[in-house]
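For reference, the chains in residue letters:
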Amino acid sequence: MRLPTKFRIRNQVLVFGLIMSTLPLILMSTYYLLQVKAELEIRIDERQMLKIENLANQISIEMEQTFQRMEMLSVVYDLEKQRGLLYDFLRQNHSIEEVVILNEFGQLSSKISRYDLNNVEKESSWITTGMLDQLATTNRVFGEVEFNLFGQPIMKLVTPVMTDNRENSKAAIGVTLHLQKIIGEISSYQLNEPGYVYLVDQKKQIIAHQDYTQLWSQRTQSSSEEVVQATTEIEDLQWNLVLEQTKQELLSPMYEMLKKGILVAVVIILFVSILSIYAGLYFVKPIEVLQRAMTHLKKGKWPKKVKIIRQDELGDLSIAFNEMSKEIEEKSNKLLQEKERLDIIVNSLRAGLAVMRSDNTVVWVNPTLKEWLNVEVGIPCYDMFCDDKTKCSGCPGINEEYDETVMKQNKYGEKRIFRHRVYPLKHSSNETKESLILIEDITDQKEMEEVLIQTDKLSALGLMASSFAHEVNNPLATIKVYAEDLLDRIDEEPDLQEQEIRRYLKTINENTDRCKTITSNLLNFSRKSDWVKQSVDVNETIEKSIELIKHAITKGDIQLQLTQVPAVFGDALNLMQVIVNVVNNAVDAIEENSGTITIESSYLEAEKQVVVLIKDTGVGIEKENIQKVFDPFYTSKPVGKGTGLGLSVCYGIIKQFGGTLTITSEKGKGTVVTIDLPVG
């Protein structure tokens with residue numbers, strides 16, 4: 001599946017490169033801009049304050065110089081008689097419109113004016129009451145801003161006249177100061193940036209402004225733009241000098257610098273972005289090539305060799321990928337060949353195979369099993385083999401081996417015998433638990449085994465026929481003798497006692513029962529029967545077997561050493577056949593009247609096994625022949641003495657019991673046959 005565009009590594013690298021190339025620059029520029037803005041505002045405030053403080057100092061100096069001249073004039077004795085000094089004073093100070101002398105009551109006593117007649121009206125009140133009151137406490141009195149006849153702003157200044165002892169007198173000198181010069185200085189003050197400087201008197205009136213429309217108003221006209229204002233006070237006059245400039249104009253250098261900075265930043269970002277894009281594509285291209293190759297490999301399409309375009313780690317990665325792809329392709333081909341071979345073996349195998357999981361579900365069956373039982377995957381094993389809908393009782397589970405024989409109808413309705421075995425599979429992961437089910441059709445094998453068993457029985461019967469005849473003839477002869485003697489005595493002795501007759505008949509009856517027992521055992525042994533699994537008394541079976549063949553034992557001695565043992569499960573008649581075969585072999589191995597046959601039974605509780613030992617002191621078996629004794633048709637007996645099927649059949653019968661049959665022998669010392677039978 002192809003990833004969305006935004007998740008592709010190339011785009012991610014490009015985005016990362018762009019962010020890393022622009023974000024630091026933007027952050028640094030923003031930080032620098034803020035710092036510069038704050039510093040610039042501080043510098044602007046300081047510069048504005050410096051400007052208006054210089055201008056305010058000029059006004060203060062102007063006033064100070066005026067007062068100093070007035071104070072110099074005030075020390076002149078009898079100033080009214082020296083009016084020429086007043087004219088000189090007026091001529092030297094162009095900003096002074098008139099100079100007056102006030103008496104101790106504040107009345108005008110003398111006046112020298114630049115534009116008016118110098119007539120003095122005694123009632124004229126040149127100085128205000130407030131200024132007069134101030135004159136009592138201070139040497140420098142400022143009047144309010146007034147207007148002369150020409151509508152020009154003026155201000156009255158008053159200082160007391162000095163006495164001979166240099167003390168202030170109650171008389172005073174006053175001047176009318178023309179403020180046009182001050183207003184002109186303020187109006188003509190040139191600012192480097194757009195803005196206004198204006199002067200506000202103690203009544204909050206604007207008495208000087210570069211914009212004449214603002215004069216005498218209480219406040220400046222408001223502007224929609226943000227204004228930066230710097231104010232300083234002229235203490236003696238209680239005037240405020242104000243400098244106003246728009247913030248936009250003040251910060252215009254910074255904005256200009258910002259524009260240039262943005263332009264430089266854009267150029268840098270473009271340059272770095274181009275480098276990032278080139279670097280991203282340069283580094284990502286080999287990865288994209290590998291990614292496409294991996295996608296093809298994932299889809300099972302073997303990609304061509306990845307071109308090695310780099311000589312660095314990515315180049316090494318491409319080389320490793322080519323080697324890995326080649327190795328995977330080779331192993332995949334080998335795996336396919338092995339799979340084909342395994343499929344051929346499994347499909348050709350005349351055995352049914354299935355795989356079962358821990359929940360008893362069959363997840364795989366081979367064609368042979370499908371053909372035999374007409375089953376499909378997905379059904380539980382008990383439905384497949386037992387035609388049952390619930391789990392079989394005694395099921396050992398998936399972790400244990402299992403071996404049993406079952407009879408089941410195939411899809412053609414024929415009853416067949418199957419050997420059902422289960423083997424746990426070992427996976428690399430402990431969480432996966434599966435078992436292999438192996439099904440073998442052993443119907444033909446069973447039929448062959450039955451034929452062999454029956455053949456061995458008939459062979460044993462043939463060998464025992466003369467002995468059986470002799471065994472039967474003895475009781476028949478006894479019966480005949482007793483019957484003839486009884487008939488003779490009945491004819492000769494009419495008064496023969498009933499008790500005597502009963503004794504004859506009892507003897508005849510006993511011998512008849514003996515014949516019946518012999519023939520019954522012979523018939524039971526010779527009959528062909530299916531395997532019947534039942535509880536088997538081992539000691540009883542041994543005794544019946546000995547009873548069957550004891551008349552044939554004409555040499556040697558049989559000793560039974562039987563102990564109490566638990567029952568085993570199997571077919572008693574087949575176990576009898578085993579005992580008969582082994583004992584017959586022991587009888588044949590014993591030399592004429594010089595051997596002993598010992599049969600022992602015991603129980604091993606720890607192993608839960610019944611052990612039957614059949615020992616003889618016969619000729620023994622050659623060491624090299626011991627391993628051949630279980631081969632079919634192998635016999636060391638003379639021709640006519642055996643078929644060679646005995647021990648082979650015995651081995652098969654004991655295997656059906658789930659036990660083992662082993663032989664140990666030494667030439668000249670005898671043979672020991674050990675039969676182990678499991679209990680339960």
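Residues numbered from 1 in each chain as written. Predicted model: local features only at pLDDT ≥ 70, side-chain atom pairs only at ≥ 80, totals over all residues. Heavy atoms only, no water.

K.L.:
Break down the packing of helix H6 (residues 252–298) against helix H7 (residues 313–348) for me, with residues and values.
P.N.:
For the pair H6 and H7, the least separation of the axes is 10 Å and the interaxial angle reads 10°. Considering their axes alone, H6 and H7 lie roughly parallel with respect to each other. Each of Phe283, Pro286, Ile287, Leu290, Ala293, Met294 and Leu297 in H6 lies in contact with H7, whose residues at this interface are Leu314, Leu317, Ser318, Phe321, Met324, Ser325 and Ile328. Considering only residue class, the contact of H6 with H7 consists of twelve nonpolar, two polar and no charged. (Axes fitted to C-alpha atoms, helices over the stretch in contact; angles between N-to-C directions. Helix = DSSP H or I, 4+ residues; strand = E, 2+ residues; numbered from the N terminus. Parallel < 35°, antiparallel > 145°, perpendicular 65-115°, else oblique. Contact = heavy atoms within 4.5 Å. Nonpolar A, V, L, I, M, F, W, Y, C, P; charged D, E, K, R; others polar.)

K.L.:
Give a detailed account of the packing of aromatic side chains, specifying residues and quantitative values.
P.N.:
Enumeration according to the criterion identifies four aromatic pairs in this entry. A centroid spacing of 5.0 Å and a plane angle of 75° characterise the contact between Phe67 and Phe142, whose relative ring orientation is edge-to-face. Of this pair, Phe67 sits in helix H1 (residues 9–74) while Phe142 sits in strand S3 (residues 141–147), and the two are 75 residues apart along the sequence. We classify Phe67 as buried; its relative accessible area is 1%. Relative accessible area serves as the criterion here: at 17%, Phe142 is assigned to the buried category. Over the face of the ring belonging to Trp126 we find Lys156, whose NZ or CZ atom lies 4.7 Å from the ring centre. One residue, Arg503, lies across the ring of Tyr504, its end atom 5.0 Å from the ring centre. (Phe/Tyr/Trp six-rings, centres within 6.5 Å; stacked < 30°, edge-to-face > 60°. Buried < 20%, exposed > 50% of the residue type's maximum accessible area, 1.4 Å probe, protein only. Lys NZ or Arg CZ within 6 Å of the ring centre and 35° of its normal.)

K.L.:
Can you break down the nonpolar core residue by residue, with the values?
P.N.:
Nonpolar side chains tend toward joint burial in soluble globular proteins. Ranked by internal contacts, the top residues of the largest apolar core, which has 39 residues, are Met63, Met155, Leu157, Leu179, Ile186, Leu199 and Trp239. If one sorts the elements of this core by residue count, H1 sits on top with eight residues. Residues in contact with Leu199, not counting those within four places in the same chain, are Ile59, Ile182, Ile186, Gln205, Ile206, Ile207, Ala208, Ile234, Trp239, Asn240 and Leu241. Core analysis: the next-biggest nonpolar cluster, separate from the first, contains 37 residues, Val536, Val538, Met576 and Ile597 among them. (Core = buried A, V, L, I, M, F, W, Y, C linked by side-chain atoms within 4.5 Å.)

K.L.:
Which residues make up the pairing of strand S1 (residues 96–102), and what are the values?
P.N.:
Within S1, seven of the seven residues are buried, leaving the element largely enclosed by the surrounding structure. Pairing geometry for S1 and strand S2 (residues 108–113), over five bridges, is antiparallel. Bridge pairing in S2 links Glu98 to Ser113. Between S1 and S2, which pair antiparallel one after the other, the connecting turn spans five residues, and Gly106 there sits at a positive phi close to 85°. (Pairing = 2+ DSSP bridges.)

K.L.:
I'd like a description of the sheet that holds strand S6 (residues 196–200), backed by residues and values.
P.N.:
In any sheet, the strands associate via hydrogen bonds between backbone groups, in a parallel or an antiparallel arrangement. What the four strands build is an open sheet, ordered S7-S6-S9-S8; its pairing is antiparallel. Pairing within the sheet leaves two strands with one partner each, and these edge strands are strand S7 (206–209) and strand S8 (227–234). Across this sheet, the average inter-strand angle for adjacent strands is 20°, counted without regard to direction.

K.L.:
Run through the environment of Thr617, naming residues and quoting values.
P.N.:
Within the secondary structure layout, Thr617 lies in the loop between strand S19 (609–616) and helix H14 (646–657). Through-space distance from the C-alpha of Thr617 to that of Gly668 is 8.0 Å; in sequence the pair is 51 residues apart. Not counting the four nearest positions on each side in its chain, Thr617 is found in contact with Ser594, Gly595, Thr596, Lys669 and Gly670. For Thr617, the side chain forms a polar contact with the main-chain nitrogen of Thr596, separated by 2.9 Å. (Polar contact = N/O pair within 3.5 Å; in protein donor to acceptor, adjacent residues only side chain to side chain.)

K.L.:
Before we move on, can you summarise a nonpolar patch on the surface with the specific residues and values?
P.N.:
A contiguous nonpolar surface patch, about 580 Å² in accessible area, is contributed by Val15, Phe16, Ile19, Met20, Leu23 and Leu27. For Met20, a relative accessible area of 46% corresponds to the partly exposed category. (Patch = residues over 30% accessible without salt bridge, like charges linked within 9 Å, V, L, I, M, F, W, Y side chains within 5 Å. Areas by Shrake-Rupley, 256 points an atom, 1.4 Å probe, with all protein chains shown as cover. Salt bridge = Lys/Arg side-chain N within 4 Å of Asp/Glu carboxyl O.)

K.L.:
I'd like to hear about the packing of helix H12 (residues 538–549) against helix H13 (residues 572–589), residue by residue, with values.
P.N.:
The description of two packed helices rests on the angle between their axes and on the distance between the axes. Orientation of H12 relative to H13, taken along the N-to-C sense of each, is 55°, at an axis distance of 9 Å. It follows from the interaxial angle that H12 and H13 lie oblique. Considering only the axes of H12 and H13, their crossing is right-handed. Residues Thr541, Ile542, Lys544, Ser545, Ile546, Leu548 and Ile549 of H12 touch H13, and the partners they reach there are Ala572, Leu575, Met576, Ile579, Val580, Val583 and Asn584. Split by residue class, the contact of H12 with H13 holds ten nonpolar, three polar and one charged. (Left-handed = near helix turned anticlockwise from the far one by under 90°.)

K.L.:
Provide a residue-level description of the environment of Gln577, including the pertinent values.
P.N.:
Mapped onto the elements of the fold, Gln577 is located in helix H13. Overall, the relative accessible area of 0% leaves Gln577 in the buried class. The spatial distance from the C-alpha of Gln577 to the C-alpha of Ile653 is 9.0 Å, given a sequence separation of 76 residues.

K.L.:
If you had to explain H13 to someone new, which residues and values would you point to?
P.N.:
Over its 18 residues, H13 extends 26 Å from the first C-alpha to the last, a length consistent with the 26 Å expected when each residue adds 1.5 Å. Burial analysis of H13 places 15 of its 18 residues in the buried class, the great majority of the element. The backbone nitrogen of Leu573 lies 3.0 Å from a side-chain oxygen of the residue at the head of H13, namely Asp571. (Expected span 1.5 Å × (residues − 1).)

K.L.:
Mind laying out the side chain of Arg416, listing which residues take part and the relevant values?
P.N.:
Along the chain, Arg416 turns up in strand S13 (residues 415–425). Of the residues examined, Arg416 reaches a relative accessible area of 19% and is grouped as buried. Only 3.0 Å separates the side chain of Arg416 from the side chain of Asp441, close enough to count as a polar contact. A distance of 3.5 Å separates a polar atom in the side chain of Arg416 from a polar atom in the side chain of Thr443.

K.L.:
With reference to specific residues and values, describe the pattern of salt bridges.
P.N.:
On inspection of all chains with the given rule, the structure shows 21 salt bridges. In this structure, Arg43 engages Glu46 in a salt bridge whose closest nitrogen and oxygen atoms are separated by 3.6 Å. Within this pair, Arg43 and its partner Glu46 are both found in helix H1, separated by three residues, close to a single helical turn. Salt bridges here are not isolated pairs; linked through shared partners, they connect Glu39, Arg43 and Glu46.

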